[in-house]
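# Structural features, examined
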Amino acid sequence: MKFLIKTYGCQMNERDSESVAALLLAHGHEAASLETEADVIIVNTCSVRAKAEHKALGKLGLLVAGKREFPGRRVGVMGCMAQRMKEAAFRKVPGLDFAVGTHRLANVPGILERVMKNGGPVLDAGEGEEQWEALAGHVATGSGVSRFVNILFGCSRRCSYCVVPAVRGEEWSRPAAAVMAEVKRLADSGVREITLLGQSVMSYGRAQAVWADGPVSRRGFQEPFARLLEAVNDVEGIRRIRFTSGHPSGCTDELARAMKELPAVCEHLHLPLQSGSDRILGLMRRGYAADDYRRAVERLRAAVPGMAFTTDIIVGFPTETADDFEKTRQLMEEIRFDNAFVFKYSPRPGTPAAEWSDDVPADEKARRNQVLLADLDRRAMVRHQALIGREVEVLVEGTSLRNESRWAGKTRTNMTAVFEPVDGLAPGALVRIRLTRATPQTFYGDIIL
Ligand code: SAH
Ligand code: SF4
Ligand code: F3S
């Protein structure tokens, strides 16, 4: 049977789709590259904003309608939206064959067998009986230079606007031995860059013990997350380490020292700010004030000068005034973010914030969004112009998405760099590039031989 998985949402979803695909391959199924060739199409979904759900529902509707043309085709939904909607998914998408929640992904092969034989609908979206290891153990090996590794599942922070704790469950850290086994396997298959994934990734090992051996690592780290960075750094073949998402409470002196002393750890951190107004941060229940955020950034930049920061911002949170918004704008200017994802607030059913009036009008949310994006572009142009002529290290990923004759890779600060290939160049190589041109999102340059 041929399957195709279409993925929406965050890196957790990308990683889950990889795992489910690996699981299906292990059961003897084949991956299709086109929808028209697939017997089964699964949409992996996100619930974080209403728009993400609308997109997935629209896609599912089209796929189900396509069954007329492709009789025998089965269509399923998995991930966060399946977990949130449960039975309602079948009402929203009549003709849908199956829905599998975030805690049940390891059951996908069995469910597929059932619906191929008997048709749908089949729902599996319960909780408990965690399957993470069964799933994470299935790593597609072989391909790719850069891969995600889950270290922390779920989230227990309960920010007032966020659906993630409801759809992903309580925070749970994977034992370090399991993480390291996966990293070593990936390194042996040629992977050079590892991104450690968790909703609040530096909380790794805070709620449960993850290390079986002594309390201090070789380099004297005590915090479970810093110890993990050290262990991954020491794996032969791993040249770069990233992790996402950060939280200011995790930006400790020990993290700063780990980022400074471990050569594979990149000088970039995705550290969601959400708002620069203390009043809004309080309503969001983020657990920090603007000053705490400032201090976190200062601590890391003191250890690693030139460290790049990227962030997430929500505009138009309930009661956000022009003055609150101005504080966000000013703090973004002060921190000098390298990039930011700016989201318009979207009330999510079941969250505390959804009980409050969504009182910032849609056009004002759109305006605030545009203002921040324009600020970012303007600052990026100035910053990038100053880099023209400089050298940067790039991890080569392969041909550029936009132009097949060019190659692309990432700088240590997570910027995409595009360049002309040279003979013998292979994905996974670390090269030095002299920058000749830059846009806000991309560097262009020449390989230095
Ligand atoms: N765990 C990460 C982010 C997870 S969701 C963190 O908190 O650091 C990714 C981003 O989506 C969040 O950082 C936030 O900016 C945005 N987001 C979450 N819920 C949202 C909502 N209800 N409306 C708009 N944006 C939201
Ligand atoms: Fe959501 Fe907050 Fe957890 Fe991030 S830290 S996933 S925003 S509850
Ligand atoms: Fe990720 Fe969206 Fe789920 S952000 S955790 S796919 S709700």
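Residues numbered from 1 in each chain as written. Chains lettered and ligands numbered in written order. Predicted model: local features only at pLDDT ≥ 70, side-chain atom pairs only at ≥ 80, totals over all residues. Heavy atoms only, no water.

Attention now moves to the overall build of the protein chain. Within the protein chain, the secondary structure is distributed over 14 helices and 19 strands. Taking 449 residues into account, the globule formula puts the C-alpha radius of gyration at 22 Å, and the protein chain, at 22 Å, falls close to it. The C-alpha extent of the protein chain, read off along each of the three principal axes, is 60 × 55 × 50 Å. Counting only residues that meet the buried cut, the protein chain has 54% of its 449 residues in that class. Considering only intrachain contacts with a sequence separation of at least 6, the fraction spanning at least 24 residues in the protein chain is 72%. By element, 51% of the accessible surface of the protein chain is carried by carbon and sulfur atoms, the whole surface being about 19,300 Å². For the protein chain, the separation between the mean place of its 61 positive charges and that of its 57 negative charges on side chains is 2 Å. (Helix = DSSP H or I, 4+ residues; strand = E, 2+ residues; numbered from the N terminus. Rg over C-alpha atoms; globule rule 2.2 N^0.38 Å. Buried < 20%, exposed > 50% of the residue type's maximum accessible area, 1.4 Å probe, protein only. Contact = heavy atoms within 4.5 Å. Areas by Shrake-Rupley, 256 points an atom, 1.4 Å probe, with all protein chains shown as cover. Lys, Arg positive; Asp, Glu negative; His and termini not counted. Charge placed at Lys NZ, Arg CZ, Asp CG, Glu CD.)

Turning to the site of ligand 3, a few remarks are in order. Neighbouring ligand 3 are the residues Cys10, Asn13, Cys46, Ser47, Val48, Cys80, Arg168 and Gln199. By residue class, the composition of the shell around ligand 3 is four nonpolar, three polar and one charged. (Near = heavy atom within 4 Å. Nonpolar A, V, L, I, M, F, W, Y, C, P; charged D, E, K, R; others polar.)

This paragraph deals with the nonpolar core. Note on soluble globular proteins: their nonpolar side chains tend to be buried together. The biggest cluster of nonpolar side chains holds 61 residues, and the ones touching the most others in it are Leu196, Phe225, Leu229 and Phe243. Setting aside chain neighbours within four positions, we find leucine 229 in contact with Leu196, Ile241, Phe243, Leu255, Ala258, Leu262 and Val265. Listed in part, the 22 residues of the second largest apolar core include Leu60, Met85, Ala88 and Val93. (Core = buried A, V, L, I, M, F, W, Y, C linked by side-chain atoms within 4.5 Å.)

Attention shifts here to the sheet that holds strand β15 (residues 391-399). Around the barrel, which closes on itself, the five strands sit in the order β15-β16-β17-β19-β18 with mixed pairing between neighbours. Direction aside, neighbouring strands of the sheet carry axes that sit 50° apart on average. (Pairing = 2+ DSSP bridges. Axes fitted to C-alpha atoms, helices over the stretch in contact; angles between N-to-C directions.)

Moving on: the packing of aromatic side chains. On inspection of all chains with the given rule, the structure shows seven aromatic pairs. Arranged with centres 5.2 Å apart and planes meeting at 65°, the rings of phenylalanine 317 and tyrosine 345 form a pair that is edge-to-face. Taken together, the positions of phenylalanine 317 in the loop between β13 (308-315) and α13 (322-335) and tyrosine 345 in the loop between β14 (339-344) and α14 (362-385) put the pair 28 residues apart, joining distant regions of the chain. With centroids separated by 6.1 Å and ring planes inclined at 80°, the aromatic side chains of phenylalanine 317 and tryptophan 356 adopt a geometry described as edge-to-face. Highlighted residues: phenylalanine 317 in the loop between β13 and α13 and tryptophan 356 in the loop between β14 and α14, separated in sequence by 39 residues. The class of phenylalanine 317 is buried, set by a relative accessible area of 0%. Using a relative accessible area of 30% as the deciding quantity, one classes tryptophan 356 as partly exposed. (Phe/Tyr/Trp six-rings, centres within 6.5 Å; stacked < 30°, edge-to-face > 60°.)

Another aspect to go through is the pattern of salt bridges. The full count for this structure, using the stated rule, is 36 salt bridges. The partner of glutamate 193 in a salt bridge is arginine 240, with the nearest N and O atoms 4.0 Å apart. Separated by 47 residues along the polypeptide, glutamate 193 in strand β10 (residues 193-197) and arginine 240 in strand β11 (residues 240-244) bring together distant segments of the chain. We note that glutamate 193, like arginine 240, is buried. The residue lysine 327 makes a salt bridge to aspartate 323 at a minimum N-O spacing of 3.3 Å. Here the residue lysine 327 and the residue aspartate 323 both occupy positions in helix α13, the gap between them amounting to four residues, near one helical turn. Each of Glu193, Arg240, Arg242 and Glu393 takes part in one network of salt bridges that share partners. (Salt bridge = Lys/Arg side-chain N within 4 Å of Asp/Glu carboxyl O.)

This next bit is on the site of ligand 1. In the neighbourhood of ligand 1, 15 residues make up the surrounding shell, with Gln199, Pro272, Gln274, Asp312 and Ser346 lying closest. Taking tyrosine 161, its main chain carries an N or O atom lying 3.1 Å from a nitrogen atom of ligand 1. Within the contact set of ligand 1, an oxygen atom lies 2.7 Å away from a side-chain nitrogen or oxygen of glutamine 274. Across the complex, the protein chains shield 90% of the 540 Å² of accessible surface that ligand 1 would expose by itself. (Polar contact = N/O pair within 3.5 Å; in protein donor to acceptor, adjacent residues only side chain to side chain.)

Time to look at the sheet that holds strand β12 (residues 268-270). An order of β12-β13-β14 is seen for the three strands of this open sheet, with the pairing classed as parallel. Each having just a single partner strand, β12 and β14 make up the two edges of the open sheet. Taken over all neighbouring pairs, the strand axes of this sheet differ in orientation by 15° on average, direction set aside. Strand direction decides the pairing type here: β13 and β14, joined by six bridges, are parallel. What sits directly across from valine 315, in β14, is lysine 344.

Once that is clear, we can look at the side chain of arginine 368. Structurally, the position occupied by arginine 368 is in helix α14. Excluding residues that lie within four positions of it along the chain, arginine 368 makes contacts with Val315, Glu320, Thr321, Ala322, Phe325 and Val360.

Now for the pairing of β10. Where burial is concerned, most of β10 is hidden: five out of the five residues are buried. Across the two faces of β10 the burial is the same, with Glu193, Thr195 and Leu197 and Ile194 and Leu196 all buried. Here five bridges tie strand β7 (residues 146-150) to β10, and the two strands are oriented parallel to one another. Looking at β10, one finds that serine 146 is bridged to glutamate 193. Pairing analysis gives five bridges linking β10 to β11, with the strands arranged parallel. When the sheet's bridge partners are listed, glutamate 193 is paired in β11 with arginine 240. Each parallel crossover has a hand, and the one from β10 via helix α9 (residues 224-233) to β11 is right-handed. (Right-handed = clockwise from strand over helix to strand, strands pointing away.)

Let us now look at unusual backbone geometry. The step from threonine 244 to serine 245 runs through a cis peptide bond, and the omega angle for that step is -5°. Not every positive phi belongs to a glycine, and threonine 319 is a case in point at roughly 70°. Within the fold, threonine 319 resides in the loop between β13 and α13. Given the relative accessible area of 33%, threonine 319 is considered partly exposed.

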